[in-house]
Amino acid sequence: MPRVLVVDDEPSILSVLNTLLKAHNHDVTPARSGEAALTLLQQNSFDLMISDIRMGGMNGMQLLAQARKLYPNMAVIMLTAYGTVETAVDAMKEGAFDYVTKPFKVDELLITVQRALQYHHLLSENVALKEELAGRYRFEHIVAESPGMRKVCEMIERVAPTDTTVLVLGESGTGKELVAKAIHAYSARKMKNFLPINCAALPEPLLESEMFGHVKGAFTGATANKEGLFEAAAGGTIFLDEIGSMPMSIQANLLRVLQDKEIRRVGSNENVPINVRVLAATNDRLERLIEQGKLREDLYYRFSVISIEIPPLRERTEDILPLIQHVLRRELGDKQPLPQLDPEAQLIMEQYNWPGNVRELENTIRHALAFAKEGRITQNVLPAKIVEAVANLGTHAERRAASMDEFRGKSLKAFLRKKEKEYLSLVISAKGGDKEKAAKALKISLATLYRKIPEETE
Ligand SMILES: Nc1ncnc2c1ncn2[C@@H]1O[C@H](COP(=O)(O)OP(=O)(O)OP(=O)(O)O)[C@@H](O)[C@H]1O
Ligand SMILES: [Mg+2]
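Note that this is a predicted model, so its numbers are computed, not measured. (Residues numbered from 1 in each chain as written. Chains lettered and ligands numbered in written order. Predicted model: local features only at pLDDT ≥ 70, side-chain atom pairs only at ≥ 80, totals over all residues. Heavy atoms only, no water.)

1. Things to note about the overall build of the protein chain
- A count of helical and extended segments in the protein chain gives 19 helices and 16 strands.
- At 35 Å, the protein chain has a C-alpha radius of gyration far larger than the 23 Å of a compact globule built from 458 residues.
- The proportion of buried residues among the 458 residues of the protein chain is 41%.
- Partitioning the intrachain contacts of the protein chain with sequence separation of at least 6 by distance along the chain shows that 67% fall at a separation of at least 24.
- Element-wise, carbon and sulfur atoms account for 52% of the exposed surface of the protein chain, whose accessible area totals about 25,800 Å². (Helix = DSSP H or I, 4+ residues; strand = E, 2+ residues; numbered from the N terminus. Rg over C-alpha atoms; globule rule 2.2 N^0.38 Å. Buried < 20%, exposed > 50% of the residue type's maximum accessible area, 1.4 Å probe, protein only. Contact = heavy atoms within 4.5 Å. Areas by Shrake-Rupley, 256 points an atom, 1.4 Å probe, with all protein chains shown as cover.)

Okay, here's the thing in structure tokens:
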């Protein structure tokens, strides 16, 4: 049922409109003044507002302006006394859908109401459509064909509008900074700074002053007051890259900053309130850093409330071809045609295991572009390292297959016995040929070891 707000300071008109629209299946809310209408608008949304222009207090034009601000897509019909049509035309310029002159004919009013509601419906459909489109192409700069990367994008969408700390995990070159930037770009802080800082790049005292600032004379060389990144990012986002390399003393400081939302410049006694969102990234296993005593456990808990893990490129081969196209397009700009990618070259790139992930892929494409001839990317223009690695991969697989060949048709027992012998010899030689030590390491008796490895196989 369409929701209609009817505004008139004349009770008789209000009552007529109320009865008429209710009879035609509209959900009607009457208001006796512009002020009353505005209060209702602030509490509820309506599909249509019908308002008198001339009213005591807030008049129809003022109400229209306020209503347009609150609901740009709501349809508005103005009621105007005969002879004040000019004002009604002004109202349409201000965004009213139409006007009806008083006294009105019932049919005429109902038709206008219907058209207005249709218009409103179309508009809101259009908005929904636009939002859907925007959603689908939201992360146009992030290639995400694989289920793994789609999940990453969903997470970005989900966490971006919140103000929580997010930890981005992934091997080097997987796109951790890209993801952090996207979180910032889709948050309410997007108009403010996104400031990255690499915790591994600076020695401890410099990192501290870089993050929190310092006052003049705080240490040798501190010749003036300096604002730290936490202050510089005011209202924005700070991105702590390689958090696993942050010195312990700074970790303690950081924890306090996150809890109290204020910082103290190095050498100062004064607390400065800060308003930043903190994102962090690492390619280390944080649990291992805790074990090694390189990461405070309380900081870890603080950071790992929400984490986004980016899978390595070799685990999402669906992304490789789209990434190649994406990088080619970015390198060549919109005007130039993309070079042709030879099927062998494509296959090699799809089979390679990309230890440097997307960054390595980018470098590979740049390399290929520099050497490409006649608009073609063939395997000859790929870095030799990659072509060789893939070729070896082939022979390695072949070798494995060949080594399996000798067991074809033999029992599992025969296979296990052979492997067991291989392992035992390995341990014995690791212990410098000392079988007693080897047996101990293997947690078996020396007798068992001798039984399993007859003298001649030593
Ligand atoms: N899914 C993706 N779509 C498009 N470009 C990507 C994607 N992932 C990474 N990139 C690009 O790869 C490069 C490396 O990404 P980024 O610097 O974010 O990785 P990182 O994980 O922070 O690397 P490092 O661990 O080395 O700091 C950037 O140029 C980035 O734009
Ligand atoms: Mg990075």
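Following the structure, the description resumes.
2. Quick notes on the domain arrangement of the protein chain
- According to the domain assignment, the protein chain consists of domain 1 (3-133), domain 2 (147-309), domain 3 (333-405) and domain 4 (412-457).
- The straight-line distance from the C-alpha centre of domain 1 to that of domain 4 is 91 Å. (Domains from an automatic or database assignment.)

3. Topic: the nonpolar core
- Grouped together as the largest cluster of nonpolar side chains are 31 residues, with contacts concentrated most on Met-211, Phe-230, Leu-240, Met-246, Leu-254 and Phe-303.
- Looking at this core, the element that brings in the most residues is helix H10 (residues 248-260), giving 5 residues.
- In terms of nonpolar packing, the next biggest core, distinct from the first, is built from 23 residues, Leu-328, Trp-354, Ile-365 and Val-387 among them. (Core = buried A, V, L, I, M, F, W, Y, C linked by side-chain atoms within 4.5 Å.)

4. Overview of helix H7 (residues 176-185)
- Taken together, the buried positions of H7 are occupied by Lys-176, Val-179, Ala-180, Ala-182, Ile-183 and His-184.
- Looking at the packing, one finds that the buried side of H7 touches helix H6 (147-159), strand E6 (166-169), strand E7 (194-198), strand E10 (237-241), strand E13 (277-282) and strand E14 (307-309).

5. A word on the site of ligand 1
- Around ligand 1 lies a shell of 18 residues, among which Val-143, Gly-173, Lys-176, Arg-359 and Glu-362 are the nearest.
- Between ligand 1 and Lys-176, the relevant distance is 2.7 Å, taken from an oxygen atom to a side-chain nitrogen or oxygen of the residue.
- Contact distances for ligand 1 include 3.1 Å between an oxygen atom and a backbone N or O atom of Glu-177.
- Computed on the free molecule, ligand 1 has an accessible area of 640 Å², of which 86% lies beneath the protein chains in the complex. (Near = heavy atom within 4 Å. Polar contact = N/O pair within 3.5 Å; in protein donor to acceptor, adjacent residues only side chain to side chain.)

6. Details of the sheet that holds E7
- The strand order across the open sheet built from 5 strands is E7-E10-E13-E6-E14, with neighbouring strands paired in parallel fashion. For this open sheet the edge positions go to E7 and E14, each flanked by a neighbour on one side alone. Averaged over all neighbouring strand pairs, the angle between strand axes comes to 20°, with direction disregarded.
- Here E6 pairs with E13 via 4 bridges, running parallel. Across the sheet, the residue bridging to Leu-169 is Thr-282, located in E13. (Pairing = 2+ DSSP bridges. Axes fitted to C-alpha atoms, helices over the stretch in contact; angles between N-to-C directions.)

7. Considering the packing of aromatic side chains
- Under the counting rule described, the total for this entry stands at 4 aromatic pairs.
- For the pair Phe-194 and Phe-239, a centre-to-centre distance of 5.9 Å together with 25° between the ring planes defines the contact as stacked. Taken as a pair, Phe-194 in strand E7 and Phe-239 in strand E10 lie far apart in primary sequence, 45 residues in all. Here Phe-194 and Phe-239 have matching classes, each one buried.
- Between Phe-212 and Phe-230, the aromatic rings sit 5.5 Å apart at their centres with planes inclined by 20°, giving stacked as the arrangement. A residue pair is termed long-range when its members are at least 10 positions apart, and Phe-212 in helix H8 (residues 204-212) and Phe-230 in helix H9 (residues 229-232) qualify at 18 residues. (Phe/Tyr/Trp six-rings, centres within 6.5 Å; stacked < 30°, edge-to-face > 60°.)

8. Overview of helix H2 (residues 34-43)
- Buried residues of H2: Gly-34, Ala-37, Leu-38, Leu-40 and Leu-41, and no others. Buried residues along H2 cover an arc of 160° about the axis, so they all sit on one side. Exposed residues on H2 whose side chains face more than 90 degrees from its buried face are Gln-42 and Gln-43. (Arc of directions from axis to C-beta.)

9. Points about the layout of surface pockets
- The space that makes up the largest pocket amounts to roughly 550 Å³.
- What lines the largest pocket is a set of 25 residues, and nearest its centre among them are Thr-174, Gly-175, Lys-176, Leu-178 and Arg-359.
- If you list the elements that add at least two residues to the lining of the largest pocket, you get H7, E10, helix H13 (320-332) and helix H15 (357-371).
- Tallying contributions element by element places H7 first for the lining of the largest pocket, with 5 residues.
- When grouped by side-chain class, the residues that make up the lining of the largest pocket number 8 nonpolar, 8 polar and 9 charged.
- Built from parts of two domains, the lining of the largest pocket gets at least three residues from each of domain 2 (147-309) and domain 3 (333-405). (1 Å grid on protein atoms, 1.4 Å probe; cavity = no way out; pocket = protein on both sides within 12 Å on 5 of 7 lines; lining within 4 Å. Points joined across faces, edges and corners; volume = space filled by probe spheres on them. Nonpolar A, V, L, I, M, F, W, Y, C, P; charged D, E, K, R; others polar.)

10. A look at the pairing of strand E4 (residues 75-81)
- Among the 7 residues of E4, 6 are classified as buried, and the element is accordingly described as predominantly covered.
- In the sheet, strand E3 (residues 48-52) pairs with E4 via 5 bridges, with the strands oriented parallel. Counterpart to Leu-48 in the pairing with E4 is Ala-75.
- Crossover E3 to E4 through helix H3 (residues 60-70) is right-handed.
- Bridge count for E4 against strand E5 (residues 98-102) is 5 bridges, and the pairing is parallel. By the bridge assignment for E5, Thr-80 is matched with Thr-101. (Right-handed = clockwise from strand over helix to strand, strands pointing away.)

11. A look at the pattern of salt bridges
- The full count for this structure, using the stated rule, is 20 salt bridges.
- As a salt-bridge pair, Glu-231 and Arg-265 come within 2.8 Å of each other at their nearest N and O atoms. A residue pair is termed long-range when its members are at least 10 positions apart, and Glu-231 in helix H9 and Arg-265 in the loop between strand E11 (262-264) and strand E12 (271-273) qualify at 34 residues. Just as Glu-231 is buried, Arg-265 falls in that class too.
- Ionic pairing is found between Arg-296 and Asp-298, a salt bridge with its closest N-O pair at 2.8 Å. (Salt bridge = Lys/Arg side-chain N within 4 Å of Asp/Glu carboxyl O.)

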